[in-house]
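# An overview of the molecular structure
Residues per chain, in single letters:
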Amino acid sequence: MKIVRRIADLPFPDSRTLGFVPTMGALHEGHLSLMRKARKECDQVIASVFVNPTQFGPNEDFSKYPRQEERDFALCEGVGVDTVFAPTVDEMYPESLTSVHVSGLTDRWEGAIRPGHFDGVATIVAKLFHIVRPTIAYFGWKDLQQCVVLRAMVNDLNMPVQLSFCETVREPDGLAMSSRNAYLSPEGRSAAVCLPNALRGCVEQLQTGMDRRQIDTILETGRTSFQDLGIDVDYFELVQIQNLEPSVTVSRDDRMIGAIRIGQTRLIDNMGLSH
Ligand code: AMP
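Described in the following lines is the structure provided in the data block. It should be emphasised that the depicted structure is a prediction, and the values quoted were computed from it without experimental measurement.

A word on the overall build of the protein. Within the protein, the regular secondary structure consists of 9 helices and 9 strands. Over its C-alpha trace the protein gives a radius of gyration of 19 Å, about what one expects of a compact globule, namely 19 Å for 275 residues. By principal-axis analysis of the C-alpha atoms, the protein measures approximately 55 × 40 × 40 Å. Sequence separation of at least 24 residues holds for 74% of the intrachain contacts in the protein that already meet a minimum separation of 6. For the protein, the accessible surface area stands at approximately 13100 Å², while carbon and sulfur atoms represent 49% of it. For the protein, the distance from the average position of its 28 positive side-chain charges to the average position of its 36 negative side-chain charges is 2 Å.

Written as structure tokens, this is what we have:
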């Protein structure tokens, strides 16, 4: 496996299919599931490990985000990645006068709580697509809004890449795997399972065709479960998958989304109604 630090040292695109998995490192089974899928579907696989400063707010965890490159490289090698692209911040942002903004879809949910976050995400992913020139790029549904935003960017800007969105990999108790789970104290880790539990609780009660009043009653049970545990909720909603607007009536494709805070740690998760 090749480890590449400089854009100029990346393999030149050829006629083979190229699968690409962008990550911020501190890899776990969620990331590895994307790499395994890329390995299965493509001739060549590139993963990137880059903690992208432009998607972190000034008071967020950029400086303390877990960095464990050597371990990450070994994990990539273990699942058959051909090349890891792990550039420095200077290599990726010698200048940064230009950014990509996807409007509308980025106003709500994560975008409302983390202003500028999705500009950082869209910009780095657009840059990586131009640098790597993948046939297929793999992302996790775990970051639902990110998937929807990137799909809009690729369509709107006619980027010649296919997007593949992959199911969320969970811990045995149901908590979605995330690099940020490492921040949780043992008590926080035990409490964190309330997020997938509340999402699943609502998913099990929601039936296609229910109206907004019925939806609200069900969402309230979920919100109350957080309140009982003294956990702060940023949002807990049923949304339409196309535009992430709250559902007015329940449709099959709708997804429950939620974000909570346990101490200093923010956790996000979502579930489809068929789960
Ligand atoms: P990150 O390193 O957090 O930027 O994540 C890199 C990619 O892995 C993104 O496309 C994420 O959506 C995806 N990902 C993160 N956690 C999971 C998970 N638990 N299951 C599946 N994919 C995930």
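And the narrative resumes.
Counting residues in hydrophobic clusters, the biggest one holds 44 residues, and the most contacted among them are Val125, Phe129, Phe139, Leu144 and Met153. When residues of this core are traced back to their parent elements, those giving at least two are β2 (18-23), α5 (117-132), β5 (136-140), α6 (144-156), β6 (162-166), β7 (232-239) and β8 (255-262). Of all the elements, α5 adds the most residues to this core, at 9 residues. Leave out the neighbours within four places in its chain, and Phe139 touches Pro22, Leu34, Val125, Phe129, Gln146, Cys147, Leu150, Leu163, Ser164, Phe165 and Cys166. In this structure, Leu206, Phe236, Ile260 and Leu267 belong to the second largest nonpolar core, which totals 25 residues.

Once that is clear, we can look at the packing of α5 against α6. At a minimum axis distance of 10 Å, the contact between α5 and α6 shows a crossing angle of 55°. On the basis of their axis angle, the class for α5 and α6 is oblique. For the element pair α5 and α6, the recorded crossing hand is right-handed. Residue-level contacts link Phe118, Val121, Ala122, Val125, Ala126 and Phe129 of α5 to Gln145, Gln146, Val149, Leu150, Met153 and Val154 of α6. Along the lines of polarity and charge, the residues of the contact of α5 with α6 split into 10 nonpolar, 2 polar and no charged.

Turning next to α5. Its 16 residues give α5 an end-to-end C-alpha distance of 22 Å, which sits within 8% of 22 Å, the value for a rise of 1.5 Å per residue. Among the 16 residues of α5, 12 are classified as buried, and the element is accordingly described as predominantly covered. Inspection of α5 places His117, Phe118, Gly120, Val121, Ala122, Thr123, Ile124, Val125, Ala126, Leu128, Phe129 and Val132 among the buried residues, and these make up the whole buried set. Where α5 ends, the next residue or the one after it, Arg133, has phi of about 50°, a positive value.

Another aspect to go through is the side chain of Asn181. Note on placement: Asn181 falls in the loop between β6 and α7 (186-192). The class of Asn181 is buried, set by a relative accessible area of 11%. Excluding its chain neighbours within four sequence positions, the residues that come into contact with Asn181 are Leu175, Ala176 and Leu267.

Here we come to the sheet that holds β5. Pairing is parallel across the open sheet formed by 6 strands, whose spatial order is β1-β4-β3-β2-β5-β6. Two strands bound the open sheet, and with one partner strand each, they are β1 (2-4) and β6. Direction aside, neighbouring strands of the sheet carry axes that sit 25° apart on average. Where β2 meets β5, 2 bridges bridge the pair, whose relative direction is parallel. Bridging across to β5, Phe20 finds its partner in Ala137. Sheet contacts for α6: β5 and β6; angle to β6, the most-contacted strand, approximately 170°.

For the structure shown, the criterion picks out 18 salt bridges. Of the charged contacts in the structure, one is a salt bridge between Glu69 and Arg5, with a shortest N-O distance of 2.9 Å. Residue Glu69 is found in helix α2 (residues 69-78), and its partner Arg5 is found in the loop between β1 and β2; the two are separated by 64 residues along the sequence. The closest approach of N and O atoms between Asp173 and Arg189, which form a salt bridge, is 2.9 Å. Placement of Asp173 in the loop between β6 and α7 and of Arg189 in helix α7 is noted, with a sequence separation of 16 residues between them. The network of salt bridges with common partners includes Arg212, Asp216, Glu220, Arg223 and Glu237.

Lining the immediate environment of the ligand, one finds 16 residues, of which Met24, His31, Asp143, Val169 and Met177 sit closest. Residue His31 places a side-chain N or O atom 2.9 Å away from an oxygen atom belonging to the ligand. At a separation of 2.9 Å, a nitrogen atom of the ligand approaches a polar backbone atom of Val169. Protein chains bury 92% of the 480 Å² of accessible surface belonging to the ligand in isolation. For the shell around the ligand, the secondary-structure elements that each account for two or more residues are β2, α1 (29-41) and β5. Of the residues assigned to the shell around the ligand, the class counts are 6 nonpolar, 7 polar and 3 charged.

Cut-off values and rules
Residues numbered from 1 in each chain as written. Predicted model: local features only at pLDDT ≥ 70, side-chain atom pairs only at ≥ 80, totals over all residues. Heavy atoms only, no water. Helix = DSSP H or I, 4+ residues; strand = E, 2+ residues; numbered from the N terminus. Rg over C-alpha atoms; globule rule 2.2 N^0.38 Å. Contact = heavy atoms within 4.5 Å. Areas by Shrake-Rupley, 256 points an atom, 1.4 Å probe, with all protein chains shown as cover. Lys, Arg positive; Asp, Glu negative; His and termini not counted. Charge placed at Lys NZ, Arg CZ, Asp CG, Glu CD. Core = buried A, V, L, I, M, F, W, Y, C linked by side-chain atoms within 4.5 Å. Buried < 20%, exposed > 50% of the residue type's maximum accessible area, 1.4 Å probe, protein only. Axes fitted to C-alpha atoms, helices over the stretch in contact; angles between N-to-C directions. Parallel < 35°, antiparallel > 145°, perpendicular 65-115°, else oblique. Left-handed = near helix turned anticlockwise from the far one by under 90°. Nonpolar A, V, L, I, M, F, W, Y, C, P; charged D, E, K, R; others polar. Expected span 1.5 Å × (residues − 1). Pairing = 2+ DSSP bridges. Salt bridge = Lys/Arg side-chain N within 4 Å of Asp/Glu carboxyl O. Near = heavy atom within 4 Å. Polar contact = N/O pair within 3.5 Å; in protein donor to acceptor, adjacent residues only side chain to side chain.

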